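Remarks on the overall topology
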Amino acid sequence: MDKPPAQMTAIGISKPGGPEVLLPEIRPVPSPGTNEILIKVAVAGVNRPDILQRSGSYPPPPGASDLPGLEVAGEIAALGEGASKYQLGEKVMSLVSGGGYAQYCVAHESIAMPIPLGFSMLEAGATPETLMTVWHNVFERGALKAGETLLIHGGSSGIGTMAIQLAKAFGARTIVTVGSKEKADACLSLGADHAINYKLQDFVAEVKAMTAGAGANLILDMVGGDYIEKNYDAAALEGRIVQIAFLNGAKATVNFARLMVKRLHHTGSTLRPQSVADKALMVGAIEAKVLPLMHEGRIKPLIDSSFPLDKAAEAHRRMETSAHVGKIVLTV
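Below is a summary of the structure that appears in this document.

Brief notes about the packing of helix 6 (residues 203–210) against helix 7 (residues 227–234)
The contact between helix 6 and helix 7 brings their axes to 9 Å, and the two run at 20°. In terms of their interaxial angle, helix 6 and helix 7 are classed as roughly parallel. The chirality of how helix 6 crosses helix 7 is right-handed. Seen from helix 6, the contacting residues are Phe-203, Val-204, Val-207 and Lys-208; seen from helix 7, they are Tyr-227, Lys-230, Asn-231, Asp-233 and Ala-234. Each residue belonging to the contact of helix 6 with helix 7 can be placed in one class, and the counts come to five nonpolar, one polar and three charged.

Focus on the packing of aromatic side chains
Summed over all chains, the structure comprises five aromatic pairs. Plain terms: the ring middles of Trp-135 and Phe-170 are 6.0 Å apart, the flat faces sit at 55° to each other, and that makes the pair tilted. Placement of the pair is Trp-135 in helix 3 (residues 128–141) and Phe-170 in the loop between helix 4 (158–169) and strand 9 (173–178), with a sequence separation of 35 residues. Classification of Trp-135 as buried rests on a relative accessible area of 5%. Phe-170 gets classed as partly exposed once you look at its relative accessible area, which sits at 29%. Among the aromatic residues, ring-to-ring pairing joins Trp-135, Phe-139 and Phe-170 into one connected group.

Description of the sheet that holds strand 10 (residues 194–197)
The sheet built from six strands is open, its strands ordered 10-9-8-11-12-13 with parallel pairing. Looking at strand neighbours, the two that pair on one side only are strand 10 and strand 13 (265–268), the edges of this open sheet. Taking each pair of neighbouring strands and ignoring which way they run, the sheet shows an average axis angle of 20°. As defined by bridge partners, strand 12 (residues 235–243) adjoins strand 13 across four bridges and the pair is classed as parallel.

Some points on helix 6
Of all the positions in helix 6, only Phe-203, Val-204, Val-207 and Met-210 are classed as buried. All buried residues of helix 6 fall inside an arc of 135° around its axis, so they share one side. Buried positions along helix 6 lie against strand 8 (149–153), strand 9, strand 10, strand 11 (216–221) and helix 7. Capping of helix 6 at its N-terminal end is provided by Asp-202; its side-chain oxygen lies 3.0 Å from the backbone amide nitrogen of Val-204. Ala-212 sits one or two residues past helix 6 and shows a positive phi near 55°.

A word on the pairing of strand 12
Every other side chain in a regular strand lies on the same face of the sheet, so the side chains alternate between the two faces. In terms of burial, strand 12 is largely enclosed, as seven of its nine residues are buried. Alignment of strand 11 against strand 12, held across five bridges, turns out to be parallel. Bridge pairing in strand 12 links Leu-218 to Arg-240. The handedness of the strand 11 to strand 12 crossover, carried by helix 7, is right-handed.

Points about the environment of Ala-285
On the secondary structure map, Ala-285 appears in helix 9 (residues 276–289). Along the sequence, Ala-285 and Ile-175 sit 110 residues apart, while their C-alpha atoms lie 25 Å from each other. Here Ala-285 is in contact with Trp-135, Glu-140 and Val-290, once residues within four sequence places are set aside.

Describing unusual backbone geometry
Even without a glycine there, the phi angle at Ala-212 is positive, about 55°. Following the sequence through the fold, Ala-212 ends up in the loop between helix 6 and strand 11. Of note, Arg-263 is a non-glycine position whose phi angle comes to about 55°, a positive value. When its relative accessible area of 42% is taken as the criterion, Arg-263 is described as partly exposed.

Quick notes on the rules
- Every residue gets a number counted from 1 within its own chain, in the order that chain's sequence is written.
- Local features in this predicted model are restricted to residues whose pLDDT is 70 or higher, and side-chain atom pairs enter the listing and the counts only when it is 80 or higher, whereas totals over whole chains, interfaces and linings include all residues.
- Side-chain metrics in this entry use all non-hydrogen atoms of the structure; hydrogen atoms and water are not considered.
- Fitted lines through C-alpha atoms serve as axes, helices being fitted only where they are in contact, and the angles separating the N-to-C directions of these axes extend from 0 to 180 degrees.
- Secondary structure counts use DSSP, requiring at least four H or I residues in a row for a helix and at least two E residues in a row for a strand, with both numbered from the N terminus.
- What sets the label is the angle itself: under 35 degrees gives roughly parallel, over 145 gives roughly antiparallel, 65 to 115 gives roughly perpendicular, and the rest give oblique.
- Throughout, a crossing is termed right-handed when the near helix is turned clockwise from the far one, and left-handed when it is turned anticlockwise from it by less than a right angle.
- Between two residues, a contact is recorded if the distance between any of their heavy atoms is within 4.5 Å.
- Ten residues, namely Ala, Val, Leu, Ile, Met, Phe, Trp, Tyr, Cys and Pro, are considered nonpolar, four, namely Asp, Glu, Lys and Arg, are considered charged, and the remaining ones, Gly among them, are considered polar.
- Within 6.5 Å between ring centres, the rings of Phe, Tyr and Trp (the latter by its six-membered ring) count as paired, and their orientation is classed by plane angle as stacked under 30 degrees, edge-to-face over 60, tilted in between.
- When accessible area is computed with a 1.4 Å probe and restricted to protein chains, residues below 20% of their type maximum are described as buried, those above 50% as exposed, and intermediate ones as partly exposed.
- In this description, strands pair whenever DSSP reports at least two bridges between them.
- What the arc measures is the spread of directions leading from the helix axis to the C-beta atoms.
- N or O atoms within 3.5 Å of each other form a polar contact, as long as, within protein, one can give a hydrogen and the other can take it, and as long as residues adjacent in sequence are counted only when both atoms are side-chain atoms.
- A right-handed crossover is one whose linking path, passing over the helix from the first strand to the second, runs clockwise when the strands point away from the viewer.

Remember, this is a structural readout, not a statement about activity or role.
This is the structure in structure tokens:
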């Protein structure tokens, strides 16, 4: 393929603020370092951390690009020294530490994954961040097992819709919380066993009713706030709660006695700051256990909408309405 150009168009954050601060700019095309690849980006995923970074509350980790964008799919345009996992011209999807909102983006070869058979480039660009987040938090940290009940808050989000499919594929039962009938129907169509409209129903009471009073074995929570104490109530004995975000705030008043009485485990993680080595371990497990299911067409990201790269602000506005069902992506 042609040699990459010297410059590219990217979407930068002109200053902390609302979606309007996302502006096109001309940047040098980055050069891949040792064991890195340069991806000519076709699609970049839009994620909540991008919004936090734009607002000034989630700075990129040391050494990462200051451009937003944590996942991309596209064609390999250049190889860094020692990079041997892929060849020039191969199409891949990859988690990145930043820089996805651009025509070219650097990724470590050990974190890039082949695009599953039958996936469109849109689907590939919507996959890495949610797939790795769900795999790490639900199956590695949360240790979900076949036959257990998983409660997913934000069931219609990109992470939620991926978690439903993965949990179903590995034999677990899923209950989701959502804010509308449309979102409930979307989750049920993906294989969720039950959908609770948190605006109309008490999710704690509903979860207990659906589990004959036992509660959920694992709870994946991106809400936080007053959900933290409610999760302790909704969890089963020896239940696990995995925190991946705090959309309703990171502070809460909680009766921790339930933590002891029920022998609960409350953990959490963020993906972006983790080391390349740790992310590569996740990718290795995913390639062995999940990509075969994707090749068979059993798991695919649900796409809500796509926007051209120069309309990144519109994509952020869409996400901030919380009306989306599934993933929002940018096409380059």
